[in-house]
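Here is what each chain is made of, one letter per residue.
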Amino acid sequence: MADKVEVRLNGPYRVYGPLNLVDADGKAFKLPSGEWVSLCRCGASATKPFCDGNHNKAIKFNAPTKAV
Ligand code: FES
């Protein structure tokens, strides 16, 4: 079970271990306690499901994380 999921303003979800992550192809990633990964939520990453920074570098992703 993930220890914490953090919604980054105009960026990815940062997920903290311990966690077992399985991508759309069934490839498994084991994230130990104390480590984290960033998961793309903008759709522009070339390394999905992980964020590669393209939310900022390529598309200037704008996704308010708070209800207004
Ligand atoms: S959220 Fe970073 S590349 Fe999509």
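It should be noted that the structure appears before, not after, this text.
Conventions used here
- Here the residue numbers are simple positions, counted from 1 along each chain's written sequence.
- Totals for whole chains, interfaces and linings use every residue, but because this is a predicted model, local features are given only for residues with pLDDT of at least 70 and side-chain atom pairs only at 80 or more, for both listing and counting.
- With hydrogens and water set aside, each side-chain value is computed from the structure's full complement of heavy atoms.
- Within this scheme, the nonpolar core is defined by two criteria: the residues are buried Ala, Val, Leu, Ile, Met, Phe, Trp, Tyr or Cys, and they are joined through side-chain atoms within 4.5 Å.
- Relative accessible area decides the class of each residue, using a 1.4 Å probe on protein chains only: under 20% of the type maximum gives buried, over 50% gives exposed, and in between gives partly exposed.
- A helix here means a DSSP run of H or I that spans at least four residues, while a strand means a run of E at least two residues long, and both kinds are numbered starting from the N terminus.
- Any two residues having at least one pair of non-hydrogen atoms within 4.5 Å are treated as being in contact.
- A pair of strands counts as paired when DSSP detects no fewer than two bridges linking them.
- The salt bridge criterion pairs a side-chain nitrogen of Lys or Arg with a carboxyl oxygen of Asp or Glu, the two atoms within 4 Å.
- Residues forming no salt bridge and having over 30% relative accessible area are the ones grouped into patches, like charges within 9 Å of each other and nonpolar side chains (Val, Leu, Ile, Met, Phe, Trp, Tyr) within 5 Å.
- In this description, accessible areas are obtained by the Shrake-Rupley approach with a 1.4 Å probe, and a residue is regarded as covered only by the protein chains that are shown.

A. Summary view of the nonpolar core. Core analysis: the largest hydrophobic core is formed by six residues, namely V15, L19, L21, L31, V37 and L39. At the level of secondary structure, the elements contributing two or more residues to this core comprise strand 3 (19–22) and strand 5 (36–39). Excluding anything up to four places from it in sequence, L31 contacts V15, Y16, G17, P18, L19, W36 and V37.

B. Quick peek at the pairing of strand 3. Side chains L19 and L21 project from strand 3 onto a buried face, and the interleaved N20 and V22 project onto a face without burial. Linking strand 3 to strand 4 (residues 28–31), which pair antiparallel, is a turn of five residues; within it G26 sits at a positive phi near 85°.

C. The arrangement of the environment of D3 in detail. Tracing the sequence through the fold places D3 in the segment before strand 1 (4–7). Spatially, the C-alpha atoms of D3 and G34 are 8.8 Å apart, while their sequence positions differ by 31 residues. Filtering out sequence-adjacent residues up to four positions away, D3 remains in contact with Y16, G17 and P18.

D. Main features of the pattern of salt bridges. Summed over the entire model, instances satisfying the criterion amount to two salt bridges. E6 is paired through a salt bridge with K4; the nearest N and O atoms lie 3.9 Å apart. K4 sits in the partly exposed class, given a relative accessible area of 40%. Classification of E6 as partly exposed rests on a relative accessible area of 22%. Overlapping salt bridges, with partners in common, bring together K4, E6 and R8 in one network.

E. Up close: the pairing of strand 2 (residues 13–16). Bridge analysis of strand 1 against strand 2 gives four bridges, and the strand direction is antiparallel. Its bridge partner lying in strand 2, V5 is registered against V15. In this structure, the hairpin formed by strand 1 and strand 2 is closed by a connection of five residues, where N10 is found at a positive phi of approximately 55°.

F. How the structure looks around a nonpolar patch on the surface. Residues V5, V7 and Y13 make up a contiguous nonpolar surface patch of roughly 250 Å² in combined accessible area. Examined against the element boundaries, V7 turns out to sit in strand 1.

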